[in-house]
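# A structural walkthrough
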Amino acid sequence: MSYRPVLLRNYSHILYRLRPLLLTAAIALAVCLVDACAFVAKTLSTGGEQPVAHPVVTTAKAPPAVGPRVIVFCLDGAGYPQLMEAIRSGKAPHIAALLGKEKDQGLFEHGYSAPGVLSVLPSSTVADWSATFTGKPPAQNGVPGDEWFDRQHQRFYAPVPITVTDTADFSGMLNDGLVGKQLKVPTLYEQLKRRSYVSMLMVYRGSTLFTTVAPTTFAGIVGGLVAGKLSGETSLEAISKSVDTASIDKVLQAIDEHGLPRLQVIYFPGIDLFTHASPDPLHAQVGYIEEHTDKSVGQVLDAYRKLGALSNTYVILVADHGHTPTMNDEAHRRGPDDPGSPFAILKASGFRVRKASLTLSKSEEDFQAVIASQGFMAYVYLADRSTCQAARQTCDWSRPPRFHDDVMRAVRALYAENQSGVPIPQGKGNIDLIFARRPAEQDEEAESFKVFNGRELVSIHHYLKKNPRPDLADLEERMKWLGDGPYGGRAGDIVILAKASSSIPIQDRYYFATATHYSWHGSPDMSDSNVPLILALDGGSGVVMQDIVENASHGGTFSQMDLTPLVLALIGR
Ligand SMILES: [Zn+2]
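Okay, so let's go over this structure. Since the model is a prediction, treat every value here as computed from it, not as a measurement. The numbers attached to residues start from 1 for each chain and follow its sequence in the written order. Per-residue local features of the predicted model are confined to residues with pLDDT of at least 70, and side-chain atom pairs are confined, for both listing and counting, to 80 or more; whole-chain, interface and lining totals are unaffected and use all residues. Only hydrogens and water are removed before side-chain values are computed, so all heavy atoms of the structure are retained for them.

Each metal site lists N, O and S donors within 2.8 Å (3.2 Å for Na, K and Ca). With water left out of the atoms, a site can look as if it is missing ligands. Only Asp76 (OD), Thr125 (OG1), Asp320 (OD) and His321 (NE2) from the protein coordinate the zinc ion, and they sit 2.0 to 2.2 Å from it. Every donor counted, the four donor atoms about the zinc ion form angles of 93 to 135° at the centre, which fits irregular coordination. The motif formed by the donor residues of the zinc ion, counted along the single chain, is D-x48-T-x194-D-H. Within this pair, whereas aspartate 76 is found in the loop between strand 1 (69-75) and helix 2 (80-88), its partner histidine 321 is found in the loop between strand 10 (313-319) and strand 11 (324-325), the two being separated by 245 residues in sequence. Histidine 321 shares its class with aspartate 76; the two are buried. Each label reflects the angles at the metal, where four donors whose angles all fall between 85 and 135 degrees are tetrahedral, four or six donors whose opposite pairs open beyond 155 degrees and whose other angles stay between 65 and 115 are square planar or octahedral respectively, and the rest are irregular. Runs of E in the DSSP output that reach at least two residues are strands. Runs of H or I that reach at least four are helices, and both are numbered from the N terminus. For every residue, the accessible area (1.4 Å probe, protein chains only) is compared with the maximum for its type, and the residue is labelled buried under 20%, exposed over 50%, or partly exposed between those bounds.

Shown next, in the form of structure tokens:
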């Protein structure tokens, strides 16, 4: 009796993500800014082409001899260890054949898989792809997470909804360039100034052609799911696989119609969807990569091979973040309506907390605190409450909060509740670290985030010296990437890190979200943060690939942001 409702509840988060695709995939915009004066603007998602406001010039197929070219496979949610396990297992033959024999750790005959590459913080989809495809960290590029609050415009953003359930920003991300509009720095495509095609990735501003999926691809699947025809793991796999397959179909169609671009970006959302919703998620992910991702990669490589272009095409595999297994139950979820969540704690301490919703009614606009979530991390934005003490009074969000009466009041409330479980028993022991800082005046850059040690805020450096945390990879530098810069204020006044380390038992891990899942991400833990960055060339030399990757790196921490200079270096070669 209870099987189907439970099943559907567990799928609800996936459906939330897919539903807007059904509604909005008909509008895909592609703008050619550069590349041999060709100007192409098309809608491919319906399978046809529609001229938009600009004149359309149909471009001839680019001759395969032109190069070098680059393909970037964007594997959403693929952890470095999981991808490497799949490659080494012998069950991902297409990727393995491209790389050739492994001679040394990560050094292959024809490719190089850089070890220790980190995501930016949070290890969450939208922030991570934004950093990857601009080469700049969140505090500089302006996109700090899956959700955030822009206090200047009093606008809550949720391109990937975590605490809210509205999907308008998800649609806006695919069909209205929501992420591109928020990015304050040039994208890779704008820096490259060559023909670039993007399939499904949310960072596509400045690309020549952006394609997304046809509505019919999803109608059948979701229809089947709702009708209860699909069940268990098979249906989940079918959903994830279909999204990825659709991405490939769009790529092949675009190549067929327009020829090969210099840069082809292909996004696979399925790995992440499947991992979140699979019991034994990390193991399931390896199987999914072997079973599905490898085939999709092989299809694209085959298409290039048939056109005689593969030997002159560098292939990159990169991910946004990995996953850490969690308990798929409400006892470990700390979403907006859960007792013991940051929402509940701040409310109990007298803060009027903004309702978790994209839009508010007039009577709900008197909020004094806003919470946005990244899974294992949550951002808290505070108003100067002296401007809005009475209920129904709207706060003046153009002013920074007061340090002692707003910021530290909230910090101490969160800390005390976490220590004692008073007044909410479920709030005890959910939080790992609380970061905060003295608020910046308007038009001023905020200072770096510090850690609250129970008495005062201390520098992350100082804190880690006294309390070593090798599980939190490069925490100090990555928190600077998040908080130090012209848009560092978008990460809020307080950052809360849930207890989520992969080094503690799974039953001690918590997450700030509306959906329960078998795995989450967003933390600085290696399990979430260690991502693959693989460069290969069919028949090329792995040693040369290693050289190229290492030379393109910014230096310092090796991160996913090195993708942008890497592609620029490859195509400029
Ligand atoms: Zn992701």
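Time to look at helix 19 (residues 563-572). The α-helix advances 3.6 residues per turn, and as a result positions three or four apart in sequence lie on the same side. What helix 19 keeps buried is the set Leu563, Thr564, Leu566, Val567, Leu570 and Ile571. In an axial view of helix 19, the angular spread of the buried residues amounts to 160°, which keeps them on one side of the axis. The directions from the helix axis to the C-beta atoms form the arc being described.

Another point: the side chain of serine 123. Relative to the helices and strands, serine 123 resides in the loop between strand 4 (111-113) and helix 4 (125-132). Since its relative accessible area comes to 0%, serine 123 is described here as buried. A 3.5 Å cut-off defines polar contacts: any pair of N or O atoms within that distance qualifies, except that in protein one atom must be a possible hydrogen donor and the other a possible acceptor, and neighbouring residues in sequence count only when both atoms are side-chain atoms. Of the polar contacts made by the side chain of serine 123, one reaches the backbone nitrogen of glycine 522; its length is 2.8 Å. At a separation of 2.8 Å, a polar atom in the side chain of serine 123 contacts the main-chain carbonyl oxygen of serine 523. By definition, residues are in contact when any of their heavy atoms lie within 4.5 Å. When neighbours within four sequence positions are excluded, serine 123 is seen to be in contact with Asp128, His321, His521, Gly522, Ser523, Asp528 and Ser529.

Okay, the nonpolar core next. Put simply, a nonpolar core is a bunch of buried Ala, Val, Leu, Ile, Met, Phe, Trp, Tyr and Cys residues held in one set by side-chain atoms that sit within 4.5 Å of each other. If you look at the biggest cluster of nonpolar residues, it comprises 128 residues, and the most contacted ones within it are Val72, Phe73, Phe133, Leu201 and Ile316. Among the elements that line this core, the one with the most residues is helix 12 (residues 281-306), at eight residues. With residues up to four places along the chain from it excluded, the contact list for isoleucine 316 reads Val70, Ile71, Val72, Phe73, Leu533, Ile534, Leu535, Leu563, Leu566, Val567 and Leu570. The next biggest cluster of nonpolar side chains, apart from the first, holds 27 residues, and it includes Met408, Ile424, Ile434 and Leu457.

Before going further, it helps to spend a moment on the pairing of strand 14 (residues 431-436). The buried fraction of strand 14 is high, at five of six residues. Should DSSP find at least two bridges between two strands, the strands are regarded as paired. Looking at chain direction, strand 14 and strand 17 (residues 494-498) are connected through five bridges and run antiparallel. The residue of strand 17 that forms the bridge with phenylalanine 435 is valine 495. Bridging between strand 14 and strand 15 (residues 450-452) involves two bridges; their strand directions are antiparallel.

Our next topic: the pattern of salt bridges. We define a salt bridge as a side-chain nitrogen of Lys or Arg found within 4 Å of a carboxyl oxygen belonging to Asp or Glu. Using the criterion set out here, one finds 21 salt bridges in the structure. Note that aspartate 169 and arginine 155 form a salt bridge whose closest N and O atoms lie 3.0 Å from each other. Placement of the pair is aspartate 169 in helix 6 (residues 168-175) and arginine 155 in strand 6 (residues 155-157), with a sequence separation of 14 residues. The exposure class of arginine 155 is partly exposed, given its relative accessible area of 29%. With a shortest N-O distance of 2.9 Å, aspartate 406 and arginine 402 are connected by a salt bridge. By relative accessible area, aspartate 406 is classed as buried at 0%. Judged by relative accessible area, which is 26%, arginine 402 ranks as partly exposed. Each of the salt bridges in this network shares a partner with another, and the network as a whole consists of Asp384, Arg385, Arg399, Arg402, Asp405, Asp406 and Arg409.

Turning to the packing of aromatic side chains, a few remarks are in order. Stacked, edge-to-face and tilted are the three classes for Phe, Tyr and Trp ring pairs, Trp counted by its six-membered ring, which pair at centre distances within 6.5 Å; planes under 30 degrees apart are stacked, over 60 edge-to-face, the rest tilted. Evaluation of the coordinates by the stated rule reveals 13 aromatic pairs. On the basis of an interplanar angle of 80° and a centroid distance of 6.0 Å, the ring pair of phenylalanine 149 and phenylalanine 367 is categorised as edge-to-face. Placement of the pair is phenylalanine 149 in strand 5 (residues 148-150) and phenylalanine 367 in the loop between helix 13 (342-348) and strand 12 (369-373), with a sequence separation of 218 residues. One exposure class covers both phenylalanine 149 and phenylalanine 367, and it is buried. Here the aromatic cluster, defined as three or more aromatic residues joined through ring pairs, consists of Trp129, Phe133, Tyr189 and Tyr267.

Sheet strands associate in pairs through backbone hydrogen bonding, adopting either a parallel or an antiparallel arrangement. Pairing in this open sheet of six strands is antiparallel, and the strands run 12-13-17-14-15-16 from one edge to the other. With partners counted over all chains shown, the strands left at the sheet margins are strand 12 and strand 16 (457-459), one partner each. In this sheet, neighbouring strand axes are inclined to one another by 30° on average, regardless of whether the strands run parallel or antiparallel. Axis definition: a line fitted to C-alpha atoms, limited for helices to the stretch in contact. Angles are taken between N-to-C directions and run from 0 to 180 degrees. Docked against the sheet, helix 14 (residues 403-420) engages strand 13 (377-382), strand 14, strand 15, strand 16 and strand 17, running at close to 170° with respect to strand 14. Packing of helix 16 (residues 475-483) onto the sheet brings it into contact with strand 13, strand 14 and strand 17, and relative to strand 14 it is tilted by some 50°.

Let's shift gears to the environment of tyrosine 487. As for its position among the elements, tyrosine 487 is in the loop between helix 16 and strand 17. Residue classification places tyrosine 487 among the partly exposed residues on the basis of a relative accessible area of 26%. With 349 residues separating them along the chain, tyrosine 487 and proline 138 place their C-alpha atoms 7.3 Å apart. Residues within four places of tyrosine 487 in sequence aside, it is in contact with Pro138, Ala139, Gln140, Gly142 and Lys184.

Of note, the bond from leucine 121 into proline 122 is cis; its omega dihedral lies within 30 degrees of zero at 0°. Structurally, the position occupied by proline 122 is in the loop between strand 4 and helix 4. Cis geometry marks the peptide bond from valine 422 to proline 423, where omega comes out at 10°. In this structure, glutamine 154 is a non-glycine residue whose phi angle is positive, near 50°. Within the element layout of this structure, glutamine 154 appears in the loop between strand 5 and strand 6.

All right, on to helix 2 then. For helix 2, the complete set of buried residues consists of Tyr80, Gln82, Leu83, Met84, Ala86 and Ile87. Positive backbone phi, approximately 85°, marks glycine 90, located one or two places after helix 2.

Let's shift gears to the environment of valine 318. Within the secondary structure, valine 318 is located in strand 10. Considering only alpha carbons, one finds valine 318 and cysteine 74, 244 residues apart in sequence, at a separation of 5.3 Å. Setting aside anything within four residues of it in sequence, one finds valine 318 in contact with Val72, Phe73, Cys74, Leu75, Trp129, Thr132, Pro532 and Leu533.

The next subject is the packing of helix 2 against helix 12. A packed helix pair is summarised by two numbers, namely the angle formed by the two axes and the spacing between the axes. Close contact between helix 2 and helix 12 brings their axes to 9 Å; oriented N to C, the two are set at 50°. As the angle between them shows, helix 2 and helix 12 are arranged oblique. Here helix 2 runs over helix 12; the crossing is right-handed. On the side of helix 2, the interface is formed by Gln82, Leu83, Glu85 and Ala86, while helix 12 contributes Leu282, Gln285, Val286, Ile289 and Glu290. Class assignment for the residues of the contact of helix 2 with helix 12 results in five nonpolar, two polar and two charged. Throughout this description, any angle smaller than 35 degrees is read as roughly parallel, any larger than 145 degrees as roughly antiparallel, any in the 65 to 115 degree range as roughly perpendicular, and the remainder as oblique. By convention the crossing between two helices is left-handed if the near helix lies anticlockwise of the far one by an angle smaller than a right angle, and right-handed if it lies clockwise. Basically, the charged four are Asp, Glu, Lys and Arg, the nonpolar ten are Ala, Val, Leu, Ile, Met, Phe, Trp, Tyr, Cys and Pro, and anything else, Gly included, counts as polar.

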